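# Residue-level structural notes
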Amino acid sequence: MSAPVDQYGFGSSRSKVAPAFDATGAEANPSGKAVPVPGERVLTRPALVLGILSTIGPVAIDMYLPAFPAIAESLHTNVGRVQLSLVSFFAALMVGQLIYGPISDAIGRKRPLYAGLGLFVVASIGCSMAQSVEALIVLRFVQGLGACAGMVLSRAIVRDLHTGRDAVRLISLMMLVLSVSPMLAPLGGSLLVEFASWRIIFFVIAAGALFCAWLMWRSLPETHPPEKRTRGGLRSALAAYAVLVTDLRFLGAALVVGCTQGVILSYLAGSPFAFIEIYGVPPVLYSAIFAANAVGFIGGAQLNSLFISRIGLERLIRIATSALAAASVLLLGLTLTDMAPLPVFVGLLFLCFSTLGFIMPTTTVFALESHGARSGAASSLLGALQFGSGTIAGSLVSFFFDGTTLPMVATLAGCGAGAGLMAAASLRRRKAAV
């Protein structure tokens, strides 16, 4: 299911615009011709560009996590307050998601991407100069508004290009690129904190955003041509959202993704303190543990295509969410009974993140599959629910911060169990309806 590729792997070499495809893989054109299945080479170049574009937000999260204690000391506050700068970032991702998608459906994908990257660069430089934790929290919110452009619109671009199994393959390849962030960003942040200053981290992040803007200008064509754009402004956006919120298939999948994002953000908010302060892990070793979880996540994502072809997308989601629920609840039980030494703690978190690699790409494709005409709005609403859930989870970890690992583990287990229950309920409802 692929368009003729240009030199970048996107769309026709004449128009540099990729045609859309229906759910069966046939090109959506008057002739109804089937198109050939793309090879990995055809998907690799778009995955590389979109994957790098998608790393802006994760790098802005992962790179400064090891600096939490240093930031708290520098700004004369505590780690719990610094955690709120992470929560504000995710709150901005939730708000911004609702803005960029409908705008991109109306004016194309590239202009909103440029605007978001510009805002991100300015806010990143501001973060590096923050003199109080309150200023850092506000600037991180602005930074998140810029970061979410790449995160939401990369999903919309995937839907512009492919559906079905090929969309899963493309997203999985993007996640392979995205895996560089959790494997290298915390280590880079640790080294910068140890040998320079936490403020340098934000200058590095700003430079990365400028590189992404150059890469997008050089390699990313417009995938949403004028003839496919929506009309009607705000009314059209509201109409698209009205369709989406009445689609139980979409809502069920979106809430599953939201719960899994809650697992991730509860870990992000609580793990620096849990590992560095409670378990006494050095920042560099913390970065290695963080990278190991990323390896588990990306390993699951790369196996998606194989399992989907054998057991189907819906069954894979049910199995993976059940495994996530079991692992996270077991971790909570062991923590409550003081039976979670560091190897057990790390092992169960690794299992949780491995299941997320199966859940998030497949459930994202499952949610967007039927909404090609409004893929920007669908991606926005999906992202808003995703990061809204994550923001709540991170806020709970910060609010109940008590100097132990329990707030993080309890929130993570609640989100993991919620993903399992939501997947079971929504997929069963759809099966019964069919």
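Here the structure is a predicted model, which means the values were calculated and not measured.

## Brief notes about the overall build of the protein chain
Summing up its helical and strand segments, the protein chain has 17 helices and 0 strands in all. Restricting the contact set of the protein chain to residue pairs at least 6 apart, pairs at least 24 apart contribute 83%. By element, 70% of the accessible surface of the protein chain is carried by carbon and sulfur atoms, the whole surface being about 16,800 Å².

## Considering the side chain of threonine 364
As for its position among the elements, threonine 364 is in helix α15 (residues 342-368). Given a relative accessible area of 9%, threonine 364 falls into the buried group. Not counting residues up to four positions away in its chain, the partners in contact with threonine 364 are Arg155, Ile171, Val257 and Leu382.

## Here's the deal with the environment of phenylalanine 89
Take phenylalanine 89: it is sitting in helix α4 (residues 79-107). A relative accessible area of 0% means that phenylalanine 89 is categorised as buried. Taking C-alpha positions, phenylalanine 89 is 7.0 Å from glutamine 143, a pair spaced 54 residues apart along the chain. Beyond its immediate chain neighbours, meaning those up to four positions away, phenylalanine 89 contacts Gly57, Ala60, Ile61, Arg140, Gln143, Gly144 and Ala147.

## So, the packing of α4 against helix α6 (residues 133-161)
Following both chains from N to C, one finds α4 and α6 inclined at 35°, their axes separated by 6 Å at the closest point. Every pair of crossing elements has a handedness; the one defined by α4 and α6 is right-handed. In terms of residue class, the contact of α4 with α6 is built from 20 nonpolar, 9 polar and 4 charged.

## Re α15
For α15, with 27 residues, the first-to-last C-alpha span of 39 Å sits near the 39 Å given by 1.5 Å per residue. At leucine 356, α15 shows its largest bend, some 25°. Within α15, 20 of the 27 residues are buried, leaving the element largely enclosed by the surrounding structure.

## Let's talk about the environment of alanine 367
Structurally, alanine 367 is set in helix α15. Taking the relative accessible area as the measure of exposure, alanine 367 reaches 1% and is therefore buried. Distance in space between the C-alpha atoms of alanine 367 and arginine 249 is 6.8 Å, their sequence separation being 118 residues. Non-local contacts of alanine 367, meaning those with residues more than four positions away in its chain, are made with Phe250, Ala253 and Leu382.

## Here's the deal with unusual backbone geometry
Note: most peptide bonds trans; most residues except glycine with negative phi. With a phi close to 60°, histidine 76 is a non-glycine residue in the positive phi region. Relative to the helices and strands, histidine 76 resides in the loop between α3 (68-74) and α4. We classify histidine 76 as exposed; its relative accessible area is 74%. Its identity is not glycine, yet aspartate 338 carries a phi of approximately 55°, on the positive side. Along the chain, aspartate 338 falls in the loop between α14 (313-336) and α15. Taking the relative accessible area as the measure of exposure, aspartate 338 reaches 73% and is therefore exposed.

## Focus: a nonpolar patch on the surface
Together, Ile125, Met129, Ile200, Phe203 and Val204 make up a nonpolar patch on the protein surface, roughly 400 Å² of accessible area in all. In terms of residue count, helix α9 (residues 198-219) provides more of the nonpolar patch than any other element does, 3 residues in total. If you trace the backbone, methionine 129 turns up in the loop between α5 (110-128) and α6. Here methionine 129 falls in the exposed class, since its relative accessible area comes to 52%.

## A closer look at the packing of α4 against helix α11 (residues 248-278)
Axis separation between α4 and α11 bottoms out at 10 Å; the angle between their running directions is 155°. Relative to α11, α4 is oriented roughly antiparallel. Helix-helix and strand crossings are classified by hand; for α4 and α11 the assignment is right-handed. Taken together, the residues of α11 that come into contact with α4 (itself represented by Val79, Gln83, Leu86 and Phe90) are Gln261, Leu265, Leu268, Ala269, Gly270 and Phe273. The class makeup of the residues in the contact of α4 with α11 is 7 nonpolar, 3 polar and no charged.

## Comments concerning α14
Taking 1.5 Å of rise per residue, 24 residues should cover 34 Å, and α14 covers 35 Å from first to last C-alpha, within 8% of that figure. Looking at α14, one finds that the buried residues are Leu313, Leu316, Ile317, Ala320, Thr321, Leu324, Ala325, Ala327, Ser328, Leu331, Leu334 and Thr335.

## Some words on the confidence of the model for the protein chain
Per-residue confidence for the protein chain gives a mean pLDDT of 80, with 82% of residues at or over 70. The model gives residues 1-8 a pLDDT under 50, and that stretch makes 38 contacts with residues more than four places away or in other chains. Below a pLDDT of 50 lies the segment residues 11-40, which in the model reaches 73 contacts outside its immediate sequence neighbourhood of four places, other chains included.

## Some thoughts on the packing of aromatic side chains
Counted under the stated rule, the structure contains 15 aromatic pairs. Seen from their ring centres, phenylalanine 89 and phenylalanine 90 are 6.3 Å apart, and the 70° between their planes marks the pair as edge-to-face. Taken individually, phenylalanine 89 and phenylalanine 90 each receive the classification buried, so the pair is uniform in this respect. Look at phenylalanine 275 and tyrosine 279: their rings are 6.3 Å apart centre to centre, the planes differ by 35°, and that puts the pair in the tilted class. The exposure class assigned to phenylalanine 275 is buried, which follows from its relative accessible area of 0%.

## Quick look at the side chain of serine 266
Turning to its location among the elements, serine 266 is positioned in helix α11. Among the polar contacts made by the side chain of serine 266, one reaches the main-chain carbonyl oxygen of valine 263 at a distance of 2.9 Å.

Cut-offs applied
Residues numbered from 1 in each chain as written. Predicted model: local features only at pLDDT ≥ 70, side-chain atom pairs only at ≥ 80, totals over all residues. Heavy atoms only, no water. Helix = DSSP H or I, 4+ residues; strand = E, 2+ residues; numbered from the N terminus. Contact = heavy atoms within 4.5 Å. Areas by Shrake-Rupley, 256 points an atom, 1.4 Å probe, with all protein chains shown as cover. Buried < 20%, exposed > 50% of the residue type's maximum accessible area, 1.4 Å probe, protein only. Axes fitted to C-alpha atoms, helices over the stretch in contact; angles between N-to-C directions. Left-handed = near helix turned anticlockwise from the far one by under 90°. Nonpolar A, V, L, I, M, F, W, Y, C, P; charged D, E, K, R; others polar. Expected span 1.5 Å × (residues − 1). Bend = angle between axes of the 7 residues up to and from the residue. Patch = residues over 30% accessible without salt bridge, like charges linked within 9 Å, V, L, I, M, F, W, Y side chains within 5 Å. Salt bridge = Lys/Arg side-chain N within 4 Å of Asp/Glu carboxyl O. Parallel < 35°, antiparallel > 145°, perpendicular 65-115°, else oblique. pLDDT = per-residue confidence, 0-100. Phe/Tyr/Trp six-rings, centres within 6.5 Å; stacked < 30°, edge-to-face > 60°. Polar contact = N/O pair within 3.5 Å; in protein donor to acceptor, adjacent residues only side chain to side chain.

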